[in-house]
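Each chain is listed here by its residues.
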Amino acid sequence: MKSQSDEMRCPKCGRLDLKETGQGVTCRVCGYALTPGETDKFRLYRLLKEEEKGTKRR
């Protein structure tokens with residue numbers, strides 16, 4: 001089981017409440033909008049997480 005330290009957190013407030021919107025990725029708690037580099041990192045993290053879930057099911 002993964003710990004919370006393995007999850008992608010908001011760079012400003014440290015919460016685990018990031019969401020992707022039409023304009024980019026923002027924190028649901030503090031409203032911080034990730035920079036383009038941070039957004040790319042978040043999307044890569046999400047893709048790798050989905051890939052990991054897919055390989056565990058097989």
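Scroll up to find the structure this text is about.
Criteria and cut-off values
Residues numbered from 1 in each chain as written. Predicted model: local features only at pLDDT ≥ 70, side-chain atom pairs only at ≥ 80, totals over all residues. Heavy atoms only, no water. 1 Å grid on protein atoms, 1.4 Å probe; cavity = no way out; pocket = protein on both sides within 12 Å on 5 of 7 lines; lining within 4 Å. Points joined across faces, edges and corners; volume = space filled by probe spheres on them. Helix = DSSP H or I, 4+ residues; strand = E, 2+ residues; numbered from the N terminus. Contact = heavy atoms within 4.5 Å. Salt bridge = Lys/Arg side-chain N within 4 Å of Asp/Glu carboxyl O. Buried < 20%, exposed > 50% of the residue type's maximum accessible area, 1.4 Å probe, protein only.

(A) Geometry of the layout of surface pockets. Of the voids in this model, the largest pocket is the one considered here, and its volume is about 190 Å³. Counting residues per element, the lining of the largest pocket draws most heavily on helix H1 (residues 36-57), which supplies six residues.

(B) Structural context of the environment of Cys27. Within the fold, Cys27 resides in strand S2 (residues 24-27). For Cys27, the contacting residues outside a window of four places in its chain are Cys10, Cys13, Asp17, Leu18 and Tyr32.

(C) Representation of the pattern of salt bridges within the structure. Here the structure, examined in full by the defined rule, presents two salt bridges. With its nearest N and O atoms 2.6 Å apart, the salt bridge here joins Glu20 to Arg43. Residue Glu20 is found in strand S1 (residues 18-21), and its partner Arg43 is found in helix H1; the two are separated by 23 residues along the sequence. Classification of Glu20 by relative accessible area gives partly exposed; the value is 33%. Here Glu20 makes a salt bridge to Arg46, at a shortest N to O gap of 2.3 Å. One end of the pair, Glu20, is in strand S1; the other, Arg46, is in helix H1, with 26 residues separating them in the sequence. If you follow the salt bridges from partner to partner, you end up with Glu20, Arg43 and Arg46 in one network.

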